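Tertiary structure, described
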Amino acid sequence: MAYIQVPDDLPGIRGLMAFRPETAHYINGLAEVLLRDDDNTLSRGERELIATYVSHLNDCFFCQNAHGGIAQHYLQCDMTFIDNIKADYASMPISDKLKSLLSIAESVQQGGKAVRPEQIEAAKAQGATEKEIHDTVLISALFCMCNRYVDGLGTSANPDRQVYIDRGKMRAEEGYLHFDLHR
């Protein structure tokens, strides 16, 4: 049960968005640009994976599974693959560029000043653009905020991970701006 009165049928951030739709508008707008905008050389799946990884590091069950479900939809993989990336991305069959961006995301999760110049240079050496680096840092910072928002107000999360997998396709299609909180 959440620490404030939110609709019982809306877990995680969805209940908080119903509680304060005027703030939800801005959070969703930023998420829409960062995670779904097609004017980006990182795929939607890669960007959702960054959000998933940071949410995993923050131990936010709702966000890591909600965005993991979306990432697995975009990447056409299963949640085991996503879980393996969360556990040890360095050993996974993903691009070296994405590995370097996940390293940056991990540092942002620890604190902005934890990002080291050599991480940025390594990402650039793997072909990451400045926009990709920028967006990785901002996605990571946004999800640190959202994870703290969700967990700091004690929201509920359905423990059945299949629910998040099933919702992944729908959320990928609807996006973050105009969706029905109750679906």
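Each chain carries its own residue numbering, running from 1 in the direction its sequence is written. Confidence filtering applies because this is a predicted model: local features only for residues at pLDDT of at least 70, side-chain atom pairs given and counted only at 80 or more, and all residues used for totals across whole chains, interfaces and linings. As a rule here, side-chain values come from all non-hydrogen atoms in the structure, and water together with hydrogens is ignored.

**Focus: the packing of aromatic side chains**
Note the cut-off: Two rings from Phe, Tyr or Trp (for Trp, the six-membered ring) form a pair when their centres are within 6.5 Å of each other. A pair whose planes differ by under 30 degrees is stacked, one over 60 is edge-to-face, and the rest are tilted. Strands here mean DSSP runs of E at least two residues long; helices mean DSSP runs of H or I at least four residues long; both are numbered from the N terminus. Each residue gets one of three labels from its accessible area relative to the maximum for its type: buried under 20%, exposed over 50%, partly exposed in between, using a 1.4 Å probe on protein chains only.
One pass over the structure, following the stated rule, counts three aromatic pairs. When the centroid spacing of 5.4 Å and the interplanar angle of 85° are considered together, the rings of tyrosine 53 and tyrosine 89 count as edge-to-face. Of this pair, tyrosine 53 sits in helix α3 (residues 44-57) while tyrosine 89 sits in the loop between α5 (79-88) and α6 (96-110), placing them 36 residues apart in sequence. Here the two residues tyrosine 53 and tyrosine 89 agree in accessibility, since each one is buried. A ring pair is formed by phenylalanine 62 and tyrosine 164, whose centres lie 5.8 Å apart and whose planes are at 80°; its orientation type is edge-to-face. Taken together, the residues span a long stretch of sequence, with phenylalanine 62 in helix α4 (residues 61-75) and tyrosine 164 in helix α9 (residues 161-174) at a distance of 102 residues. The exposure class assigned to phenylalanine 62 is buried, which follows from its relative accessible area of 8%.

**As for the pattern of salt bridges**
Pairs can form between side chains of opposite charge whenever their charged atoms are close. Cut-off, in case you're wondering: Any carboxyl oxygen of Asp or Glu within 4 Å of a side-chain nitrogen of Lys or Arg constitutes a salt bridge here.
Summed over the entire model, instances satisfying the criterion amount to eleven salt bridges. The partner of glutamate 130 in a salt bridge is lysine 124, with the nearest N and O atoms 3.5 Å apart. Glutamate 130 gets classed as exposed once you look at its relative accessible area, which sits at 59%. Classification of lysine 124 as partly exposed rests on a relative accessible area of 33%. If you follow the salt bridges from partner to partner, you end up with Asp83, Lys86 and Arg161 in one network.

**Focus: the environment of methionine 17**
Considering the arrangement of structural elements, one finds methionine 17 in helix α1 (residues 12-19). Owing to a relative accessible area of 7%, methionine 17 belongs among the buried residues under this scheme. Between the alpha carbons of methionine 17 and aspartate 135 there is a distance of 23 Å; along the sequence they are 118 residues apart.

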